[in-house]
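Read off the chains here:
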Amino acid sequence: MSTQQLDPLDLYDVRSELSEDEIMVKDTVARYVDDKVIPLMREAFEQHRFPRHLIGEVAELGLLGTSIDGYDCAGLNSVSYGLICQELERGDSALRSFVSVQSSLVMFPIHAYGSEEQKQRWLPAMARGEAIGCFGLTEAHGGSDPGNMKTHAKRDGDDWILNGSKMWITNATIADAAVVWAMTDEGVRGFIVEKDMPGYETQEIENKFSLRASVTGALFFNDVRIPAANVLPGVSSLKGPLSCLTQARYGITWGVIGAAQACLDEALKYSQDRILFNRPVAHTQAMQIRLADMSRRITTAQLLSLRLGRIKDKGALKPTQVSLAKWNNCRAALDIARDARDILGGAGISAEYVPIRHMLNLESVITYEGTETVHQLVVGMELTGTNAFG
Ligand code: TGC
Ligand code: FAD
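Residues numbered from 1 in each chain as written. Chains lettered and ligands numbered in written order. Predicted model: local features only at pLDDT ≥ 70, side-chain atom pairs only at ≥ 80, totals over all residues. Heavy atoms only, no water.

(A) Molecular detail of the overall build of the protein chain. In terms of regular secondary structure, the protein chain is built from 10 helices and 11 strands. Relative to its length of 390 residues, the protein chain is compact, with a C-alpha radius of gyration of 21 Å against a globular reference of 21 Å. Restricting to contacts in the protein chain with at least 6 residues of sequence separation, those with at least 24 account for 75%. Per element, the accessible surface of the protein chain, about 17300 Å² overall, is 52% carbon and sulfur. Averaged over its 39 positive side-chain charges, the protein chain has a centre that lies 4 Å from the centre of its 49 negative ones. (Helix = DSSP H or I, 4+ residues; strand = E, 2+ residues; numbered from the N terminus. Rg over C-alpha atoms; globule rule 2.2 N^0.38 Å. Contact = heavy atoms within 4.5 Å. Areas by Shrake-Rupley, 256 points an atom, 1.4 Å probe, with all protein chains shown as cover. Lys, Arg positive; Asp, Glu negative; His and termini not counted. Charge placed at Lys NZ, Arg CZ, Asp CG, Glu CD.)

So this is what it looks like as structure tokens:
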């Protein structure tokens, strides 16, 4: 039987399903990640530091707010956005996280729900990486249930007074503007909180063992006066923040494929080089089954995300479909990273090899943007018509 004719990281040749433009986006970002990102992520992870100069580089490549037409954004389709996430996360989940938050959680709601003045003020600056955003939804008492938020805002003349706090916020301490979701008498509203507004403070969360190359923090609001011009006029319900999550979760379904591919690549090379009992360990049946299983999971994830992207580009995407792929692809990537770590034996615990860094990062990725259980229950609700959240 012949061997070795397919791309081990793309067994079903998903690449051939992409348009020329999509392939160009993918290859450009892949080269950038190989040349400029992968060489520095190990150290950034070890030093618990986000390499901030990457912001200018990804902005220069046009990778911020790519789904937006106009306002200095690239106006790419959803599959291209997915491919960008995939290639960035092949480098490290931290960089994909930065791009997800800036593009899907900050620029998206300003574009979808903001006034023309808000769009003109923030979108071009954010596309150029000159203004950084963060997204404040989660609170310390229970992120899975954002409808129970305590952060609230009350009208005071034309202004609003904001009180409360947000926890586990990507980019918290480096953001120029936070899109913060708060309860009001009119439902959940979105507020653009600027970094120098009196009463607004941020604090970095130290000592993380996951996403160490990403900035994560808390936001505190103590009688912060927000002018009416900083309130998103276009939405006043939980649907506002949840619709942003749909965009970001979609990108994550692609992103984690990149992390999984990096782990399979490392496991393949290592097991072919590693001589045990007089032969490469990759030649044993047990090892080939493990590698084949990784390939099966990656292929399934690729096909799910590509199909999802095509549905999204037709404007027919349903949140439940995103939940299924977020659940499947994160679980697949995390299991692959854990198994790749084991395939490398003792070497697998060293940051010299990529699996343990991806594995630790993916522990966050499977939790944020809706935990695995949340997504399972969303799918369960679709199938049964019964809401198991309570
Ligand atoms: P529920 O009553 O079901 O829904 C309220 C309204 O929202 C609509 N909706 C959605 N719309 C768009 N996209 C979605 N995914 C939506 N899910 C629900 C829904 O139709 C309804 O609309 P309407 O018109 O009837 O008012 O609300 P619920 O509170 O019962 O929510 C259900 C649940 C559990 C699914 C939701 O609360 C949830 O998704 N929880 C998880 C929260 C979460 O994922 N948080 C993530 C925070 S951000 C983050 O983690 C960033 S990490 C980024 C990085 O660094 O990469
Ligand atoms: P909880 O909601 O307390 O969940 C605890 C456990 O209960 C989980 O296992 C969960 O699956 C389970 N559970 C929940 N509901 C049910 C149920 N009905 N039945 C059974 N089990 C259930 N948030 C933001 O707003 N912005 C950000 O930028 C952001 N960035 C993040 C970055 C990192 C690195 C991390 C780790 C988190 C980030 N988050 C952010 C927060 C993230 O979205 C939340 O951690 C996540 O939604 C889960 O909330 P929680 O941590 O409060 O866990």
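Okay, back to it.
(B) Main features of the site of ligand 2. Within the structure, ligand 2 sits among 17 residues, and Thr138, Gly143, Ser144, Trp168 and Thr371 are positioned closest to it. Threonine 170 places a polar side-chain atom, nitrogen or oxygen, 2.9 Å from a nitrogen atom of ligand 2. Here threonine 373 contributes a side-chain N or O atom positioned 3.4 Å from an oxygen atom of ligand 2. Relative to its unbound accessible area of 990 Å², ligand 2 is 67% covered by the protein chains. Of all the secondary structure elements, the ones that give two or more residues to the shell around ligand 2 are β5 (159-170) and α10 (372-384). Considering every element that reaches the shell around ligand 2, the biggest residue donor is β5, with 3 residues. (Near = heavy atom within 4 Å. Polar contact = N/O pair within 3.5 Å; in protein donor to acceptor, adjacent residues only side chain to side chain.)

(C) Inspection of empty space enclosed by the protein at higher detail. Taken as a whole, this structure holds 2 cavities of 30 Å³ or more when the rule is applied. Of the voids in this model, the largest cavity is the one considered here, and its volume is about 40 Å³. Lining the largest cavity we find Val256, Ile257, Ala260, Arg297, Ile298, Ala301, Asn329, Ala332, Ala333 and Ile336. At the level of secondary structure, the elements contributing two or more residues to the lining of the largest cavity comprise α6 (239-273), α7 (285-313) and α8 (319-343). When the residues that make up the lining of the largest cavity are grouped by side-chain class, the tally is 8 nonpolar, 1 polar and 1 charged. Its boundaries defined by the atoms lining it, the second largest cavity holds a volume of some 30 Å³. In terms of lining, the second largest cavity is formed by Leu137, Thr138, Glu139, His141, Gly142, Gly143, Asp145, Pro146, Asn148 and Met149. Per-class residue counts for the lining of the second largest cavity are 3 nonpolar, 5 polar and 2 charged. (1 Å grid on protein atoms, 1.4 Å probe; cavity = no way out; pocket = protein on both sides within 12 Å on 5 of 7 lines; lining within 4 Å. Points joined across faces, edges and corners; volume = space filled by probe spheres on them. Nonpolar A, V, L, I, M, F, W, Y, C, P; charged D, E, K, R; others polar.)

(D) Quick look at the site of ligand 1. Of all residues adjacent to ligand 1, which total 24 residues, the nearest are Ser97, Thr170, Thr246, Arg249 and Gly370. Leucine 242 places a main-chain nitrogen or oxygen 3.2 Å from a nitrogen atom of ligand 1. Protein coverage of the free-state accessible area of ligand 1, which is 1100 Å², stands at 73%. A per-element tally of the shell around ligand 1 places α6 first, with 6 residues.

(E) Examining α6 more closely. The terminal C-alpha atoms of α6, which comprises 35 residues, lie 51 Å apart, in line with the 51 Å expected from a rise of 1.5 Å per residue. The buried fraction of α6 amounts to 29 of the 35 residues, a majority that puts the element mostly inside the structure. (Expected span 1.5 Å × (residues − 1). Buried < 20%, exposed > 50% of the residue type's maximum accessible area, 1.4 Å probe, protein only.)

(F) Up close: the side chain of glutamate 194. The topology assignment puts glutamate 194 in strand β7 (residues 187-194). Polar side-chain contacts of glutamate 194 include one of 2.7 Å to the side chain of arginine 121. Once residues within four sequence positions are removed from consideration, glutamate 194 is found in contact with Arg121, Trp122, Asp176, Tyr200 and Asn230.

(G) Up close: unusual backbone geometry. Phi at aspartate 13 takes a positive value of approximately 50 degrees, unusual for a residue other than glycine. For aspartate 13, the position within the fold is in the segment before α1 (20-46). Using a relative accessible area of 40% as the deciding quantity, one classes aspartate 13 as partly exposed. For phenylalanine 277, which is not a glycine, the phi torsion comes out positive at approximately 50 degrees.

(H) Examining helix α9 (residues 355-365) more closely. Most of α9 sits inside the fold, with 9 of its 11 residues counted as buried. Of all the residues in α9, the buried ones are Pro355, Ile356, Arg357, His358, Met359, Asn361, Leu362, Ser364 and Val365. Looking at the buried side of α9, the elements it contacts are α1, α3 (78-91), α4 (93-113), α6 and α8.

(I) Just the pairing of β5, in detail. Judged from the 5 bridges that link them, strand β4 (residues 152-156) and β5 form a sheet pairing that is antiparallel. Across the sheet, arginine 155 pairs through a bridge with tryptophan 160, a residue of β5. Here β4 folds back onto β5 in antiparallel fashion, the turn holding 2 residues, of which glycine 157 has a positive phi close to 65 degrees. The pairing of β5 with strand β9 (residues 216-226) spans 8 bridges and is antiparallel. Bridged to leucine 162 within β9 is valine 224. (Pairing = 2+ DSSP bridges.)

(J) Inspection of the side chain of serine 97 at higher detail. Residue placement: serine 97 occurs in helix α4. Apart from residues lying up to four places away in sequence, serine 97 is in contact with Thr170, Leu211 and Tyr368.

(K) Geometry of the domain arrangement of the protein chain. Considered domain by domain, the protein chain is made up of domain 1 (14-127), domain 2 (133-230) and domain 3 (239-384). The straight-line distance from the C-alpha centre of domain 1 to that of domain 2 is 23 Å. If you look at the interface, domain 1 gives 24 residues, while domain 2 gives 24 residues. Across the interface of domain 1 and domain 2, roughly 2000 Å² is buried in total on both sides, 66% from carbon and sulfur atoms. Of all residues in domain 1, Phe45, His48 and Trp122 bury the most surface against domain 2, accounting for 30% of the area lost on that side. Where domain 1 touches domain 2, the interface holds 1 salt bridge. Residues arginine 121 and glutamate 194 are paired through a salt bridge, measuring 2.7 Å at the closest nitrogen-oxygen approach. Taken together, the elements giving at least two residues each to the side of domain 1 that touches domain 2 come down to α1, α4 and α5 (116-127). (Domains from an automatic or database assignment. Buried area = accessible area lost by both parts, 1.4 Å probe. Salt bridge = Lys/Arg side-chain N within 4 Å of Asp/Glu carboxyl O.)

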